[in-house]
Amino acid sequence: MTDKAAVVEVKELTKKFGDFTAVDNLTFDLKPHCTTALLGSNGAGKTTTISMLLGLLLPTTGSIHIFGEDLLRHRFKILPRVNMSSPYIDLPQRLTVRENLKVYAKLYEVKDAKSRIEQLTEDLELKELLNKQLRKLSAGQKTRVSLAKALINEPELLLLDEPTASLDPDTATWIRDYLYRYQQRRNTAILLASHNMLEVHRMCQQVFIMTHGKIVERGTPEELITRHNKTDLEQTFLKIVRNANRQD
Amino acid sequence: MSPTRISGLMLRYIYLLRSSWPRMMEIIFWPTMQLVTWGFISKHLISEAPLYQKAPSLLITAVILWDVLFRSHINFALSFLEEIWSRNLGNLFVSPLRPYELIASITLISILRTLIGVIPACLIALPLFNFNILGLGAPLILYFLALVIFGWCTGILIVAMLVRHGIAAESLAWLTIFLLAPIMAIYYPVDVLPPILQNIAYSLPPAHIFEGMRALFLEKTFHAQNLINAFALDLLYYALACLAFHVSYTSARKQGLLLNTSE
């Protein structure tokens, strides 16, 4: 990885809900042109971390700087340059693809929204679906539309929660290749939360493994595999998580 | 404040209405049914009660103004509920849309939906009951405005509850305005109520509006004080509702509730 200024700087980030610590003293950077995976078992703190990076959840302590700005104080200055996609958040199902993209183009104040929508439609092969209501699309088609919405403002920071969940291998590969080309073109920092280790290995230059709210391991996929004497990232992940659970 | 972002969110609700004839039907159906029902009740009462012979349009006007208030409130809450039902709230909150722009969009859509609901009812009243709402004159616009603003106040309060408590608070959207209805003196004077409830009634803008409406019909007198009281109370309640929304929104961000609005 080249030494570029970080897009995201997280320092000693902690989130407590009463007595329960969901995220515990996280410190990490996300650099441009780099895809980072946030891995962890269910309940490890991934969604809580992503929620704080999006400004949806206020941290208990710690700081988040995005594009050099304090997220807590300048959230609305940062959000036009960020976007996200998650299978747990839907777009309005009764609106057509075109209507959804028009609405979000306005919410992000995209200049020349018509051209942008045309470009995205071309890139993500949505032309034939433009006038169809979202509820009439397949899971794979909905994922492409969700991705189009996530890219409507050409974000410099993209947060993806399970981007290829419940997709067939062909569509999943297609999405991954598209994201790679987008990142090459835009120098975007991508943060990916995923349970798909093969996907993480293929896409990511940096991996953080979380358990019980902490980052317990970090490095490139190859570094982690070598460090733990395993043959693939899934085995490495299982070893790290199980060791962490035993120590607790 | 960004007119582009506000109009973007308004576009979302307009597209939804355009795509869903049941939603459009529902907006028009209830005010019209209310008007027709009460119109016939009024017709009957005119023949039976001297009071209503003196002011035959009194009941129908009360029905229409009540519906303006109810529609203003429920349309506000419904727009926000659409986001919860469609699980789209997370997308809105991670966009550059400010919370006050969300409120502004929903306010403007609430006006549009109220007009779509009430205008057909008023048009039907003309041939069916020989009733012209415009006969109220200039005060009508002010009554309408004061009631719509109070509907926004209760609507914002409901949105604050939904942000904080999620879909579990959905029933409040329907209950709240009906809970207040008996003490808003819609169909009867305030002095019909027990003394303690009279004081509560006068703390609500609608009671002043409906009293003013009755004075206009029965005494042929326009009491400006009723309107002044109503608008002053509207201002107070609007400020309190916005404060409640701010507190709820901040609390929801602290507790991570913006992404999880299910029960």
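Rules and cut-offs
- Residues numbered from 1 in each chain as written.
- Chains lettered and ligands numbered in written order.
- Predicted model: local features only at pLDDT ≥ 70, side-chain atom pairs only at ≥ 80, totals over all residues.
- Helix = DSSP H or I, 4+ residues; strand = E, 2+ residues; numbered from the N terminus.
- Rg over C-alpha atoms; globule rule 2.2 N^0.38 Å.
- Buried ≥ 20, exposed ≤ 12 C-beta atoms within 10 Å, placed from the backbone.
- Contact = placed C-beta atoms within 7 Å.
- Pairing = 2+ DSSP bridges.
- Axes fitted to C-alpha atoms, helices over the stretch in contact; angles between N-to-C directions.
- Nonpolar A, V, L, I, M, F, W, Y, C, P; charged D, E, K, R; others polar.
- Parallel < 35°, antiparallel > 145°, perpendicular 65-115°, else oblique.
- Left-handed = near helix turned anticlockwise from the far one by under 90°.

Things to note about the overall build of chain B
Here is step 1 of the chain: Scanning chain B for helices and strands turns up eleven helices and zero strands.
Here is step 2 of the chain: Taken against the 2.2 N^0.38 rule, which gives 18 Å for 263 residues, the C-alpha radius of gyration of chain B at 19 Å falls within 12% of a compact globule.
Here is step 3 of the chain: C-alpha extents for chain B along the principal axes are approximately 60 × 40 × 30 Å.
Here is step 4 of the chain: For chain B, the proportion of its 263 residues judged to be buried stands at 46%.
Here is step 5 of the chain: Within chain B, contacts between residues separated by at least 24 positions form 74% of all contacts whose residues are at least 6 apart in sequence.

Regarding the overall build of chain A
Here is step 1 of the chain: A count of helical and extended segments in chain A gives nine helices and ten strands.
Here is step 2 of the chain: Scaling as 2.2 N^0.38, a compact globule of 248 residues should have a C-alpha radius of gyration of about 18 Å, and chain A matches this with 18 Å.
Here is step 3 of the chain: With respect to the principal axes defined by its C-alpha atoms, chain A has extents near 55 × 40 × 35 Å.
Here is step 4 of the chain: Residues classed as buried in chain A amount to 47% of the 248 residues present.
Here is step 5 of the chain: Considering only contacts in chain A between residues 6 or more positions apart, those separated by 24 or more positions represent 67%.

What to know about the sheet that holds strand 7 (residues 157-161) of chain A
Residues and elements named next belong to chain A.
Here is step 1 of the chain: With mixed pairing, six strands are arranged side by side in an open sheet as 6-7-8-3-9-10. Two strands lie at the open edges of the sheet, namely strand 6 (82-85) and strand 10 (214-219), each paired on one side alone. Strand-to-strand twist in this sheet, taken as the mean axis angle between neighbours without regard to direction, amounts to 20 degrees.
Here is step 2 of the chain: Note that strand 7 and strand 8 (residues 189-193) share five bridges and pair parallel. Bridging from a neighbouring strand, Leu158 pairs with Ile190 of strand 8.

Some words on the sheet that holds strand 4 (residues 61-66) of chain A
Here is step 1 of the chain: Strand order in the open sheet formed by four strands is 2-1-4-5 (chain A), and the pairing between neighbours is antiparallel. On the outer flanks of this sheet lie strand 2 (20-30) and strand 5 (69-70) of chain A, each paired with one strand and no other.

Side note on the interface of chain B and chain A
Here is step 1 of the chain: Contacts between the two partners involve 28 residues from chain B and, on the opposite side, 25 residues from chain A.
Here is step 2 of the chain: Contributions of two or more residues to the side of chain B that touches chain A are made by helix 1 (3-19), helix 5 (89-93) and helix 11 (224-255) of chain B.
Here is step 3 of the chain: Here the side of chain B that touches chain A takes ten residues from helix 1 of chain B, the largest share from any one element.
Here is step 4 of the chain: Here the side of chain B that touches chain A is composed, by residue class, of ten nonpolar, twelve polar and six charged.

A closer look at the packing of helix 3 (residues 97-107) of chain A against helix 4 (residues 113-123) of chain A
All names here are of chain A.
Here is step 1 of the chain: At a closest axis distance of 10 Å, the pairing of helix 3 and helix 4 adopts a crossing angle of 130 degrees. Put simply, helix 3 runs oblique to helix 4. Crossing handedness for the pair helix 3 and helix 4: right-handed. Of the residues in helix 4, those touching helix 3 at Leu101, Lys102 and Ala105 are Ala113, Arg116, Ile117 and Leu120.
Here is step 2 of the chain: In terms of residue class, the contact of helix 3 with helix 4 is made up of five nonpolar, no polar and two charged.

So, unusual backbone geometry
Residues and elements named next belong to chain A.
Here is step 1 of the chain: Positive phi values are uncommon outside glycine, yet Glu162 reaches one of about 50 degrees.
Here is step 2 of the chain: Inspection of the secondary structure assignment puts Glu162 in the loop between strand 7 and helix 6 (169-186).
Here is step 3 of the chain: Look at Asn187: it is not a glycine, yet its phi comes out positive at around 60 degrees.
Here is step 4 of the chain: Considering the arrangement of structural elements, one finds Asn187 in the loop between helix 6 and strand 8.

Considerations on the pairing of strand 9 (residues 206-211) of chain A
All names here are of chain A.
Here is step 1 of the chain: Among the six residues of strand 9, six are classified as buried, and the element is accordingly described as predominantly covered.
Here is step 2 of the chain: Here strand 9 shows two buried faces, one formed by Gln206, Phe208 and Met210 and the other by Val207, Ile209 and Thr211.
Here is step 3 of the chain: Two elements, strand 9 and strand 10, share five bridges in a ladder whose sense is antiparallel. Across the sheet, Ile209 pairs through a bridge with Glu217, a residue of strand 10.
Here is step 4 of the chain: Linking strand 9 back to strand 10 in an antiparallel pair, the connection comprises two residues, with His212 at a positive phi of about 50 degrees.

Here's the deal with helix 3 of chain A
Here is step 1 of the chain: Within helix 3 of chain A, ten of the eleven residues are buried, which leaves the element mostly enclosed by the surrounding structure.
Here is step 2 of the chain: Every buried residue of helix 3 of chain A is listed here: Val97, Glu99, Asn100, Leu101, Lys102, Val103, Tyr104, Ala105, Lys106 and Leu107 of chain A.
Here is step 3 of the chain: In this fold, the buried residues of helix 3 of chain A make contact with helix 4 and helix 5 (139-151) of chain A together with helix 1 of chain B.
Here is step 4 of the chain: After helix 3 of chain A finishes, the residue Glu109 of chain A shows a positive phi value of roughly 50 degrees.

Treat this as a map of the structure, not an account of what it does.
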